[in-house]
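Structural characterization, general
So the chains spell out like this:
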Amino acid sequence: MTSGTTPGLTRFNTSAEGDALAALHEVCSSSAWGSKILAQRPFASAEALFLASDAAMAELTAEDLAEAMAGHPPIGRPKAGDPTSSREQSGMAGASEELKAEMLELNLAYQDKFGHVFLICATGRTGEQMRDALRIRIENSPEQEREIVRTELGKINRIRLTRLVETEEEN
């Protein structure tokens, strides 16, 4: 991303507070994260926005992270009618029924252990890669997993923020 502004970044910087907050909520459902980003507008560049996102993500409490995770559907089951979750989970689109069943079983075991959905930056990953990561991460402690989730959310936020600032027109 270049250091200059884009039409999408200009639109975000100049949009009404409620509209900007709604756009941020589409990126990450943590209200604390969105408020921290909103308070720093306007951003001189997309990179400045990304750095603010990373800093806000680092400050989220366990409760804030739980709120952010609540906005993500389980891997292999994107939200119906949600093009973002379908696009991000496209690696599962062609998965075999066996892999889908295994992911469902692993997702449920993970959710039983940690109390939330398995969260991974699924963009560009195959179903097998996500399954393998889930198999490894289910062995983590809750503390280890919380920090991995924080990192994965940060990656997802950057991808979604990139789409926000690179969009030429309002959707």
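Please refer to the structure higher up on the page.
Report follows, based on the coordinates. (Residues numbered from 1 in each chain as written. Predicted model: local features only at pLDDT ≥ 70, side-chain atom pairs only at ≥ 80, totals over all residues. Heavy atoms only, no water.)

Structural notes on the side chain of H116
For H116, the position within the fold is in the loop between α7 (97-114) and α8 (127-137). Not counting the four nearest positions on each side in its chain, H116 is found in contact with M69, Y110, Q111 and V149. (Helix = DSSP H or I, 4+ residues; strand = E, 2+ residues; numbered from the N terminus. Contact = heavy atoms within 4.5 Å.)

A look at the nonpolar core
The biggest cluster of nonpolar side chains holds 43 residues, and the ones touching the most others in it are F12, W33, I37, L49, L153 and L161. Put simply, the parts of the chain that give this core at least two residues each are α1 (7-14), α2 (17-27), α3 (31-38), α4 (46-59), α5 (62-69), α7, α8 and α9 (142-166). Once residues lying within four places of it in the same chain are set aside, the contact partners of I37 are F12, L24, F43, L49, A52, S53 and A56. (Core = buried A, V, L, I, M, F, W, Y, C linked by side-chain atoms within 4.5 Å. Buried < 20%, exposed > 50% of the residue type's maximum accessible area, 1.4 Å probe, protein only.)

Concerning the packing of α7 against α8
Relative orientation of the contacting elements α7 and α8 amounts to 30°, with a least axis distance of 10 Å. In terms of orientation, α7 lies roughly parallel with respect to α8. Crossing handedness for the pair α7 and α8: left-handed. Every residue of α8 that contacts α7 at L99, E102, M103, L106, N107, Y110 and F114 is listed here: G127, E128, M130, R131, L134, R135 and R137. A per-class count over the contact of α7 with α8 returns seven nonpolar, two polar and five charged. (Axes fitted to C-alpha atoms, helices over the stretch in contact; angles between N-to-C directions. Parallel < 35°, antiparallel > 145°, perpendicular 65-115°, else oblique. Left-handed = near helix turned anticlockwise from the far one by under 90°. Nonpolar A, V, L, I, M, F, W, Y, C, P; charged D, E, K, R; others polar.)

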